[in-house]
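Summary of structural features
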Amino acid sequence: MTLPTTPVRTLDGTLDVPLVGLGTYALRGADGYRSLRGALDLGYRLLDTATMYENEDEVGRAVADSGLPDVRITTKLHHEHAGREEEFLDRSLRLLRVDVLDLWLIHWPPGGQARPDVWERLVAARADGRVRAVGVSNYSLAQIDELTAATGVTPAVNQVKWGPARFDAAFLAGHRERGVVLEGYSPLKSTDLSDPVLTGIAAEHDVTPEQVVVRWHVEHGVIAIPKSGDPGRQARNRDVAGFALTGDEVAALDGLARA
Ligand SMILES: NC(=O)c1ccc[n+]([C@@H]2O[C@H](COP(=O)([O-])OP(=O)(O)OC[C@H]3O[C@@H](n4cnc5c(N)ncnc54)[C@H](OP(=O)(O)O)[C@@H]3O)[C@@H](O)[C@H]2O)c1
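Predicted model, so just to flag it, every value in this text is computed and none were measured.

**Digging into the nonpolar core**
Among the nonpolar cores identified, the biggest contains 40 residues, and L11, W162, V212, L245 and L253 are the most heavily contacted of them. For this core, the leading source of residues is helix α8 (residues 209-219), giving five residues. In this structure L245 touches I201, H205, V212, R215, W216, E219, V250 and L253, once residues within four positions along its chain are discounted. Counting 37 residues, the second-largest nonpolar core is a separate cluster that includes L40, Y44, F88 and V136.

This is how it looks when you write it as structure tokens:
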């Protein structure tokens with residue numbers, strides 16, 4: 001069964017990506033491949049990988065074997081591979097079995113620094129047509145500004161650890177002001193899924209706390225990439241188009257960061 005389609009965000013003014021994708025950390029080997037194929041069958045159209053996850057081959061095979069033309073793939077340059085950008089992009093493209101990568105991120109600020117020289121290599125790959133959109137992960141707003149000031153190009157995305165317990169209105173607004181799409185990782189791991197505020201809202205909508213967490217991301221326009229290898233949990237995590245949170249509910253969940 002294909003579940004309802006989820007809303008999209010547009011990166012760099014041209015690339016549409018779904019607001020709910022699949023995290024793929026630890027989905028490796030034959031079991032990982034099966035989970036990835038299953039997720040694509042369920043309707044996932046955004047897969048988040050990284051060279052560090054050592055599963056680009058499984059992700060690439062799953063997407064190629066699915067025959068689906070519209071799957072968006074994110075991968076990341078490991079920060080320790082700064083200076084070897086072309087080598088690792090070639091490797092990722094080969095393993096992922098694509099000529100053009102949808103979204104390429106710097107996984108962490110290399111050595112804790114913004115490193116505009118590394119960012120320039122990502123921007124060049126986009127100019128060459130080998131990557132559709134480029135961004136960063138685990139960057140501060142100050143580090144994003146440093147990249148923009150040095151190159152004139154602002155990252156399309158910043159992928160950070162995010163969830164109700166980590167809500168930061170100024171950080172979110174800062175991304176919006178700069179035109180950077182916030183993408184949240186570890187949405188479930190970063191959340192106390194038994195918190196009564198969360199379970200109460202879930203009961204109100206007859207959904208699971210995990211679905212409320214994912215829907216909360218959608219309400220804020222933040223991309224969520226929950227990881228699951230289990231078909232039932234994959235299906236539920238993505239099935240968030242059938243309900244909406246009220247403004248009060250969103251505010252109550254935002255408040256978990258202060259709890
Ligand atoms: N940029 C970065 O530095 C960075 C860092 C960490 C993660 N990430 C990305 O973000 C993705 C998601 O983050 P994450 O994997 O750390 O954590 P997560 O998605 O918050 O949580 C994943 C864990 O929750 C379980 N789970 C998933 N759905 C569930 C459900 N409905 N009910 C109960 N348990 C459920 C999963 O187990 P099952 O698989 O058994 O369901 C897994 O153990 C990663 O896979 C990766 O792609 C990026």
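**A word on the pairing of strand β1 (residues 8-11)**
It is a general feature of regular strands that their side chains alternate between the two faces of the sheet. Bridge count between β1 and strand β2 (residues 15-18): four bridges; the pairing is antiparallel. The residue bridging R9 from the neighbouring strand is V17, located in β2. Here β1 folds back onto β2, and the loop between the two strands holds three residues, one of which, D12, carries a positive phi near 55°.

**Some words on the pattern of salt bridges**
Counted under the stated rule, the structure contains 17 salt bridges. Here D90 ties to R130 by a salt bridge, and the two come within 3.4 Å at their closest N and O atoms. On the criterion of sequence distance, the pair formed by D90 in helix α3 (residues 85-96) and R130 in the loop between α4 (116-127) and β7 (131-137) is long-range, its members being 40 residues apart. Of the residues examined, D90 reaches a relative accessible area of 43% and is grouped as partly exposed. Here the salt bridges share partners, and the residues they tie into one network are D57, R61 and R97.

**So, unusual backbone geometry**
Even without being glycine, D12 reaches a positive phi, approximately 55°. Among the structural elements, D12 can be located in the loop between β1 and β2. Positive phi is not limited to glycine here, since R115 has a value of about 55°. Along the polypeptide, R115 turns up in the loop between β6 (101-106) and α4.

**Here's the deal with the side chain of H107**
Looking at the secondary structure, you find H107 in the loop between β6 and α4. A relative accessible area of 6% means that H107 is categorised as buried. Not counting the four nearest positions on each side in its chain, H107 is found in contact with A50, M52, Y53, K76, L77, H78, H79, S137 and N138.

**Overview of the site of the ligand**
Neighbouring the ligand are 24 residues, the closest being D48, L188, K227, S228 and R233. In this structure, L188 approaches the ligand through a main-chain N or O atom, which is 2.7 Å from an oxygen atom. One nitrogen or oxygen atom from the side chain of E210 is found 3.3 Å from a nitrogen atom belonging to the ligand. Protein burial of the ligand: of its 900 Å² of free accessible surface, 81% is covered by the chains.

**A few points about the UniProt feature "site: Lowers pKa of active site Tyr" (unreviewed entry) in the protein chain**
Look at the UniProt record and you will see "site: Lowers pKa of active site Tyr" (unreviewed entry) annotated at K76. Tracing the backbone shows K76 in strand β5 (residues 72-77). Setting aside residues no more than four positions away along its own chain, K76 makes contact with D48, T49, A50, T51, Y53, W104, L105, H107 and Q159. In this structure the side chain of K76 is engaged in a polar contact, spanning 3.0 Å, whose partner is the backbone oxygen of T49.

**Quick word on the packing of aromatic side chains**
For the coordinates displayed, the defined rule picks out five aromatic pairs. Considering the side-chain rings of W162 and F171, the 6.2 Å spacing of their centres and the 35° angle between planes classify their relative orientation as tilted. Grouping residues by exposure puts W162 and F171 together as buried. Taken together, a centroid distance of 5.9 Å and an interplanar angle of 75° make the contact between F167 and W216 edge-to-face. Note that F167 is positioned in the loop between β8 (157-161) and α6 (169-178) and W216 in helix α8, a separation of 49 residues in sequence.

**Some thoughts on the sheet that holds strand β3 (residues 22-23)**
Pairing in this open sheet of eight strands is parallel, and the strands run β3-β4-β5-β6-β7-β8-β9-β10 from one edge to the other. Looking at strand neighbours, the two that pair on one side only are β3 and β10 (223-224), the edges of this open sheet. Where β8 lies against strand β9 (residues 181-185), five bridges are found, and the strand directions are parallel. The residue bridging V160 from the neighbouring strand is G184, located in β9.

Calculation notes
Residues numbered from 1 in each chain as written. Predicted model: local features only at pLDDT ≥ 70, side-chain atom pairs only at ≥ 80, totals over all residues. Heavy atoms only, no water. Core = buried A, V, L, I, M, F, W, Y, C linked by side-chain atoms within 4.5 Å. Buried < 20%, exposed > 50% of the residue type's maximum accessible area, 1.4 Å probe, protein only. Helix = DSSP H or I, 4+ residues; strand = E, 2+ residues; numbered from the N terminus. Contact = heavy atoms within 4.5 Å. Pairing = 2+ DSSP bridges. Salt bridge = Lys/Arg side-chain N within 4 Å of Asp/Glu carboxyl O. Near = heavy atom within 4 Å. Polar contact = N/O pair within 3.5 Å; in protein donor to acceptor, adjacent residues only side chain to side chain. Areas by Shrake-Rupley, 256 points an atom, 1.4 Å probe, with all protein chains shown as cover. UniProt positions renumbered as here; feature names shortened; annotations may be inferred. Phe/Tyr/Trp six-rings, centres within 6.5 Å; stacked < 30°, edge-to-face > 60°.

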